[in-house]
2 protein chains.
Amino acid sequence: MTRHAEAAIIVIGTELLHEGRVDTNGPAIAAALAGEGFDPVIKITVGDDTEAISAAFRVAAGRAGLIVACGGLGPTFDDLTREAVAGAFSLGLKRSPEIRGAIMKMYGKRGLVAPESAFRMADLIEGAEALANRHGSAPGQMLHGPPTIALVPGVPVEMEAMLHEEILPRLRALGLARPPARRIFRITGLFESQAEQRVRPALERHPGIQPTILAAPGQVTLILRSHESGAAELASAADEVRALLGDAIFSEAEEGIETVVGRLLAAEGKSLATAESCTAGMLGAMITSVAGSSAWYRGGVICYADDLKGGLLGVPADVIGEKGAVSEETARAMAEGARVRLSSDFALSVTGVAGPGGGGPGKPVGLVWIALAGPDGTSACELRLGGARSVIRELSCRAALDLLRLRLGHAGGHAG
Amino acid sequence: MTRHAEAAIIVIGTELLHEGRVDTNGPAIAAALAGEGFDPVIKITVGDDTEAISAAFRVAAGRAGLIVACGGLGPTFDDLTREAVAGAFSLGLKRSPEIRGAIMKMYGKRGLVAPESAFRMADLIEGAEALANRHGSAPGQMLHGPPTIALVPGVPVEMEAMLHEEILPRLRALGLARPPARRIFRITGLFESQAEQRVRPALERHPGIQPTILAAPGQVTLILRSHESGAAELASAADEVRALLGDAIFSEAEEGIETVVGRLLAAEGKSLATAESCTAGMLGAMITSVAGSSAWYRGGVICYADDLKGGLLGVPADVIGEKGAVSEETARAMAEGARVRLSSDFALSVTGVAGPGGGGPGKPVGLVWIALAGPDGTSACELRLGGARSVIRELSCRAALDLLRLRLGHAGGHAG
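Owing to the predicted nature of the structure, the values given are computational and were not obtained by experimental measurement.

Q: Can you explain the interface of chain B and chain A? Please cite residues and give values.
A: Counting residues at the interface gives 55 residues for chain B and 55 residues for chain A. Of all the secondary-structure elements, those providing two or more residues to the side of chain B that touches chain A are α1 (15–18), α2 (25–35), β2 (39–46), α3 (50–61), β10 (210–216), α10 (282–287), β14 (297–303) and α14 (389–407) of chain B. Classifying every residue of the side of chain B that touches chain A gives 31 nonpolar, 18 polar and six charged. Across five bridges, strand β2 (residues 39–46) of chain A lies against β2 of chain B in antiparallel orientation. Opposite Ile 44 of chain A, over in β2 of chain B, you have Ile 44 of chain B as the bridge partner.

Q: How would you sum up the relation of the copies chain B and chain A? Please name residues and give values.
A: Once chain B is rotated about the relating axis by 180 degrees and shifted along it by 0.0 Å, it coincides with chain A to within an RMSD of 0.1 Å. With respect to symmetry, the two chain copies, as superposed, fit the operation of a two-fold axis. The position closest to the rotation axis in chain B is occupied by the C-alpha of Gly 281 of chain B, lying 1.8 Å away. Most of the interface of chain B is mirrored in chain A, where 100% of its interface residues are also at the interface.

Q: Quick rundown of the sheet that holds strand β12 (residues 249–251) of chain A? Include the residues and the values.
A: All names here are of chain A. Ordered by their spatial adjacency, four strands build an open sheet running β10-β11-β9-β12, and the pairing between neighbours is antiparallel. In this open sheet, the two edge strands, each paired with only one partner strand, are β10 (210–216) and β12. Geometrically, the sheet is characterised by an average inter-axis angle of 30 degrees between neighbouring strands, direction not taken into account. Inspection of the sheet shows strand β9 (residues 181–187) paired to β12 by two bridges, in the antiparallel sense.

Q: I'd like a rundown of the pairing of strand β8 (residues 148–152) of chain A, residues and numbers included.
A: All names here are of chain A. Within β8, five of the five residues are buried, leaving the element largely enclosed by the surrounding structure. Neither face of β8 is open: one carries Thr 148, Ala 150 and Val 152, the other Ile 149 and Leu 151, and all of them are buried. Bridge analysis of strand β3 (residues 66–70) against β8 gives five bridges, and the strand direction is parallel. Paired with Leu 66 across the two strands is Thr 148, which belongs to β8. Bridging between strand β7 (residues 140–143) and β8 involves three bridges; their strand directions are antiparallel. Bridge assignment links Leu 143 to a residue of β8, and that residue is Ile 149. Two successive antiparallel strands, β7 and β8, enclose a turn made up of four residues.

Q: Any chance you could break down the domain arrangement of chain A for me, citing the residues and the numbers?
A: Parsing chain A into structural domains produces domain 1 (6–173), domain 2 (181–251) and domain 3 (257–407). Once you take the C-alpha centre of each, domain 1 of chain A and domain 2 of chain A turn out to be 35 Å apart.

Q: I'd like to hear about helix α7 (residues 192–205) of chain A, residue by residue, with values.
A: Residue and element names in this part refer to chain A. When the terminal C-alpha atoms of α7 are compared, their 20 Å separation across 14 residues agrees well with the 20 Å that a helix rising 1.5 Å per residue should span. Taken together, the buried positions of α7 are Ala 195, Val 199 and Ala 202. Here the buried face of α7 lies against β9, β10, β11 (219–226) and α8 (231–245).

Q: Just give me the short version of unusual backbone geometry, but keep the residues and values in it.
A: Omega for the bond connecting Gly 355 of chain A with Pro 356 of chain A falls within 30 degrees of zero, at 0 degrees, which places this linkage in the cis form. Mapped onto the fold, Pro 356 of chain A is located in the loop between β15 (346–352) and β16 (367–374). Look at the link from Pro 146 of chain B to Pro 147 of chain B: it is a cis peptide, with omega at -10 degrees. With respect to the element layout, Pro 147 of chain B can be found in the loop between β7 (140–143) and β8 (148–152). Located in the positive-phi region is Ala 280 of chain B, a residue other than glycine, with phi close to 50 degrees.

Q: Give a detailed account of the sheet that holds β10 of chain B, specifying residues and quantitative values.
A: Residue and element names in this part refer to chain B. One open sheet accounts for four strands, arranged β10-β11-β9-β12; its pairing is antiparallel. The strands lining the two open edges of the sheet, one partner per strand, are β10 and β12 (249–251). With strand direction ignored, the average angle separating the axes of adjacent strands in the sheet is 30 degrees. Sheet contacts for helix α7 (residues 192–205): β9 (181–187), β10 and β11 (219–226); angle to β10, the most-contacted strand, approximately 165 degrees.

Q: Talk me through the environment of Ala 5 of chain A; I want residue IDs and the actual numbers.
A: Residues and elements named next belong to chain A. Among the secondary structure elements, Ala 5 is positioned in the segment before β1 (6–12). Ala 5 gets classed as partly exposed once you count the C-beta atoms within 10 Å, which come to 19. A sequence separation of 29 residues divides Ala 5 from Ala 34, and the C-alpha atoms of the two residues are 9.8 Å apart. Ignoring any residue separated from it by four or fewer positions in sequence, one finds Ala 5 in contact with Phe 38, Asp 39, Gly 65, Leu 66 and Leu 176.

Q: Tell me what's going on with the packing of helix α9 (residues 257–268) of chain B against α14 of chain B, and back it up with residues and numbers.
A: Residue and element names in this part refer to chain B. Interaxial distance between α9 and α14 falls to 10 Å at its minimum, and their mutual angle equals 30 degrees. With respect to α14, the axis of α9 lies roughly parallel. In the packing of α9 onto α14, the handedness of the crossing is left-handed. Residue-level inspection shows Ile 257, Glu 258, Val 260, Val 261 and Leu 264 of α9 in contact with α14, the latter providing Arg 398, Leu 401, Asp 402, Leu 404 and Arg 405. Of the residues contributing to the contact of α9 with α14, the split by class is six nonpolar, no polar and four charged.

Q: Break down the environment of Arg 389 of chain B for me, citing the residues and quoting the values.
A: If you trace the backbone, Arg 389 of chain B turns up in helix α14. Taking the C-beta count within 10 Å as the criterion, Arg 389 of chain B has 20 such neighbours and is therefore assigned buried. In this structure the C-alpha to C-alpha distance between Arg 389 of chain B and Ala 88 of chain B, which are 301 residues apart in sequence, comes to 48 Å. When residues no more than four places from it in sequence are discounted, the contact partners of Arg 389 of chain B are Ala 291 of chain A together with Ala 354, Gly 355 and Pro 356 of chain B.

Criteria and thresholds
Residues numbered from 1 in each chain as written. Chains lettered and ligands numbered in written order. Predicted model: local features only at pLDDT ≥ 70, side-chain atom pairs only at ≥ 80, totals over all residues. Contact = placed C-beta atoms within 7 Å. Helix = DSSP H or I, 4+ residues; strand = E, 2+ residues; numbered from the N terminus. Nonpolar A, V, L, I, M, F, W, Y, C, P; charged D, E, K, R; others polar. Pairing = 2+ DSSP bridges. Least-squares fit on C-alpha atoms with pLDDT ≥ 70 in both. Axes fitted to C-alpha atoms, helices over the stretch in contact; angles between N-to-C directions. Buried ≥ 20, exposed ≤ 12 C-beta atoms within 10 Å, placed from the backbone. Domains from an automatic or database assignment. Expected span 1.5 Å × (residues − 1). Parallel < 35°, antiparallel > 145°, perpendicular 65-115°, else oblique. Left-handed = near helix turned anticlockwise from the far one by under 90°.

Printed below as a string of structure tokens:
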């Protein structure tokens, strides 16, 4: 096998082709394999059809030394992966008495008798090793090739556990996995193209480093990988990237800005409240997506109707009347009102025109004001955003969190 | 071409294989083609590599009469789809003077000179028709086969417009598209397996109808399709499904429960407020994901810290002390407090243990109380949910909205 072993992923399920169902298993498997030094060259999605699955395996075997396939291992009539793989490589299927016994026992525990169909899950492909399924009943299977073939169930939690606990350790033990060195930078406040332009000099100086840039609303991820060049070159490229991006880097780990802000607040023993208009709770929901956030988040006010900006937060009616609900003054008053009324150290506010309606002269769709009130005063920031309603709202939330990150003195991305 | 023409989708982009980036273009294309009566039999994802793209087209051409490929049509060095398709089918590439002129003009308008690389977008595959790109600069291409091949850009908004405005109309005009009759049911309050069990008798009586069931947290979608059998059989199956599911059906269109509830509130001229603890704004954000929601949503209170349940909503301290923050009494008091303090006709509340921490004796992770206060009184409902923190929170929000839907007298799923 070459240094960068090629890998193929096969994802099985008619719903992925007919109903617009988005596949998250395939990307998770591909990313995990890339993280182990494999080069994922192809992903094939097919429906629950024996002939189509067999054909996918034959195509994959022609392109890769490792095939990981997901789905079609359950007990029902449309679970056809076992038969299809056996057929593709002219192998037999043999019912394993051990797995059969385990299935009977599992049903027995619940006071049920296993239907005959359940024992199909005990059919092992000739030469395959069964893989334990910690979260479900369908075992996986692994064939030592070439090509090496691993079959995992399509239920995400079952797939994840089997991939990380059964398959990757075996690939490492076999010497097939060779994790490349890798650095990740999470960036905010810049668009993908701006981030790319800023770091270009560093990337041009280090052609041995493979960069990847990914964008989500309000968040850019830059990954540097080094297969061939040494650790020293990766470290040097990372240092240059750090210098070029400065405090636009909010983390050097796989985490969102809400996690970073939470950690900073927890470290300082400070609390946060929110006052939201156009995002209407999205900022609060984002902050509390982090488990344990009750340690730093107190709560918030959603003042979608303008009179509630006064009633719940004390924003003076004449501020809204003269400056408008989407204005620096209103954003400041919302943050200050939330800080006092919810007794928090800091308060963030968001008010804007998320669209598609609601724009007006001087207040176009995408105009958003965010503000941060704290013990050392209040700051505010105007955003002029583009995109769909959902994108404008998500960007606004991340921008607000970034205001707090920078206030908390988190400059630069040196992981803690 | 057979009645159900087979279609293949090819998605191009290294980031989809290396970084765990989830592909939404492929599913959108597949679903659109299925909606036009095609049978999407395979989707192949490959990186930005000419040989790999060519190979994918050859595999696809062996399995389908229609190939739609997405990505790799831009001007940069890693946009290789044009060359790869030409290579796969031994066709030439010819630079179109018209497209070249349009590119020069487009750059000129912004006061820029087009770089030489931009003109690669004018390279048409021999025999191909250029497809207009209303949202970007890279035109698509269509080759009249067999196989019929359509190339679209990877930027989602560009892909969507080109697919629906350029490609599908051409496929219909050619007589290749044959939309099947279709009914959709959006269901809440039942798990996927429960919904399936309930409708099974109807499906067994109508074997000519193809059913599909899809699940998301708190929402099941049932689709019935009729290719072969007539409109009468589909209507009869739909009537039976409607009778079996009753008011578990919240819509017979492609819309979420937040849209249905918004429409019901708007129709009655009633307003809504929210009081959230464990969901911390997710319910408000969900309600306001519907454009125009300011017509019925007033705002809400996020009382994540227990003292705010008293301070902002007037929940008596002894209720929280004796019954706990996660209790029927607290949920009721939160909803009633929000209704009064935010001056709304209705108010929904959510308080629960979303996990992973925070559970306790008698209050396990997944225990959630929701309540609805309205002009005719307050009702409450206990949920015992499983799954990840994010799933428990999303389920709670949808269950709360369903409480209001049923209160508003929306029984049965007859679309308005």
